[in-house]
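# Structure assessment
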Amino acid sequence: MTGLGLSLRPSVRLAGPPALVNMATRSPWPRPLSLPCCCLLLLALGGPGFFQSHAVEVNVKDLSNNTCIYAEWMMSFLIKYETNSSEYKNATLKPSTNVTHDGSTCGNNTHAPLLAIQFGAGHSWSINFTKTNETYQGNIISFTYNTNDAVFKDAKTKGPITIVVKDPMRPVQLNTVYKCHHLDSIEAANVSLFFWNVTLQAFVQNGTVSKNDSTCEADRSTVAPTTVANLTTAPITTASSPLPTTTSKPVEKPLIGNYSLKEGDKICLLATMGLQLNVSQEKPVLININPKTTNVTGSCGNTSATLRLNDSNKRFIDFTFAVKNTTANTQRFYLKEVNITLISSINGSEPLNAGNNNLSIWDTFLGSSYMCQKEQTVLVTEDLQIHTFDLRIQPFKVQDNKYSKAEECFADSDLNFLIPIAVGVALGFLIILVFISYVIGRRKSRTGYQSV
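Going along each chain's sequence as written, the residues are numbered from 1 onward. Side-chain atom pairs in this predicted model are given and counted only at pLDDT of 80 or more, local residue features only at pLDDT of at least 70, and totals for whole chains, interfaces and linings cover all residues. Excluded from the side-chain calculations are hydrogens and water; all other atoms, namely the structure's heavy atoms, are used.

### Things to note about the pattern of salt bridges
Keep this limit in mind: What counts as a salt bridge is simple: a side-chain nitrogen of Lys or Arg found within 4 Å of a carboxyl oxygen of Asp or Glu. Secondary structure elements are defined from DSSP: runs of H or I of at least 4 residues count as helices, runs of E of at least 2 residues count as strands, and each element is numbered from the N terminus. Throughout this description, buried means an accessible area under 20% of the type-specific maximum (1.4 Å probe, protein chains only), exposed means over 50%, and partly exposed covers the range between.
Within this structure, the stated rule accounts for 7 salt bridges. When the shortest N-O distance is used, the salt bridge between E82 and K156 registers 3.7 Å. Here E82 is found in strand β6 (residues 67-82), whereas its partner K156 is found in the loop between β10 (135-146) and β11 (160-166), with 74 residues between them in sequence. Residue classification places K156 among the partly exposed positions, given a relative accessible area of 46%. Between K253 and D390 there is a salt bridge, with its nearest N and O atoms 3.0 Å apart. Taken together, the positions of K253 in the loop between β18 (231-235) and β19 (256-263) and D390 in strand β30 (residues 384-394) put the pair 137 residues apart, joining distant regions of the chain. Because the salt bridges share partners, they merge into one network encompassing K80, R308 and D318.

Now the structure itself:
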């Protein structure tokens with residue numbers, strides 16, 4: 001379930017017979033395997049974890065009460081959905097205590113083994129397996145979420161939506177248990193699927209789970225580097241923390257990145273900024289985001305737009321912008337929401353997902369861009385902040401693929417106002433000094449004439 005090399009295809013379950021349809025091409029997909037219930041299955045739920053999820057333990061048995069699939073894992077789903085007001089919100093789903101297992105099967109000569117669970121208000125997840133003479137692997141992952149669930153408040157599209165993920169996981173030797181504690185993810189359309197603490201064996205031989213382990217590559221890299229390819233980390237010294245015995249290299253100002261989204265051939269969102277995360281988990285850490293290794297996705301709309309930045313170390317930053325009416329004829333845009341997912345751990349701490357959907361900053365007239373050269377801090381939570389540098393943003397009404405006239409932030413305008421005042425004051429002092437020197441010189445000259 002982790003380490004998958006996958007091609008992602010979103011689809012929506014339509015009315016009528018349950019089938020998957022690729023909405024881009026309208027071509028039919030084979031529906032997820034629906035196999036006869038020819039096995040017994042035991043399912044247990046463990047303690048809390050990342051995203052407040054539960055460990056799911058599944059033991060699939062055949063009619064002879066022999067185990068054929070054994071799996072224990074943790075999972076969570078982060079879903080971005082559109083509301084009736086054309087805004088975008090995030091919802092988190094996770095298996096809880098009401099998990100069922102309809103359709104799980106050991107398989108036979110005509111049907112592949114299938115591991116399937118159902119949870120919540122109409123959500124389900126499944127994976128089927130194939131094998132060769134020496135190895136087994138996953139084949140298709142299917143995830144269905146139901147936007148009729150109360151967690152999807154005011155969802156514009158109601159009903160079940162299915163995401164199908166094709167392509168196999170890396171082959172695992174038969175009679176071997178695949179293990180991976182490392183947190184991994186799969187992205188499909190507006191869905192991020194998270195998996196961690198995975199223990200799996202398909203095609204169990206003689207009904208006994210093997211004692212031979214196959215560890216994923218991520219777990220074999222046990223020592224986390226202090227400097228990663230696309231971000232630099234360094235401890236933050238606070239007043240309450242003891243001073244380090246050695247001097248740490250200070251974190252430099254982050255590189256300034258230029259990001260954009262397109263609709264067809266036209267740019268619909270522009271953003272320029274340097275980004276630095278301030279994370280206070282086990283140890284406070286500053287993280288500089290490197291724009292050279294950051295991918296850009298998102299969505300544009302008339303009243304809502306989202307910019308998602310994904311660095312190569314699986315750190316996601318979502319900026320959601322909205323439009324508001326200040327008067328009948330005046331509209332402004334602002335930053336409404338920020339969501340951050342840090343999948344890779346920092347200094348050995350747990351992964352992190354946090355957001356703030358009650359922001360009202362970077363407020364500017366619609367049709368203009370917002371600019372702030374000075375460092376700004378966006379409060380996500382008490383333990384997570386974003387520092388921006390040399391910021392300029394225009395998420396709506398981009399004309400000719402370039403920024404419109406900028407409205408400067410108060411800090412910049414205040415600075416621009418103070419500079420000429422400071423120059424004027426300095427010139428005033430200089431004039432006064434020149435005048436005093438002239439008066440003193442004249443007095444000395446007169447005294448010299450009188451003495452002659």
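### Considerations on the state of the cysteines
Here is the rule we go by: Criterion for a disulfide: a pair of cysteine sulfur atoms at a distance within 2.5 Å.
For the structure shown, the criterion picks out 4 disulfides. Between the sulfur of C68 and that of C106 lies a disulfide, 2.0 Å long from S to S. Residues C68 and C106 share a disulfide whose torsion about the S-S bond is about -80°; that sign makes it left-handed. You can see C68 sitting in strand β6 and its partner C106 sitting in the loop between β7 (88-93) and β8 (114-119), a full 38 residues away along the chain. With relative accessibility at 11%, the residue C68 sits in the buried group. Across a sulfur-sulfur distance of 2.0 Å, C268 and C300 are joined as a disulfide pair. With the S-S dihedral at roughly 75°, the linkage between C268 and C300 falls on the right-handed side. One end of the pair, C268, is in strand β20 (residues 266-280); the other, C300, is in the loop between β22 (294-299) and β23 (304-311), and 32 residues separate them in sequence. Each member of the pair C268 and C300 is classed as buried. Bonded cysteines in the protein are paired 1-2, 3-4, 5-6, 7-8 when counted in the order they occur along the chain.

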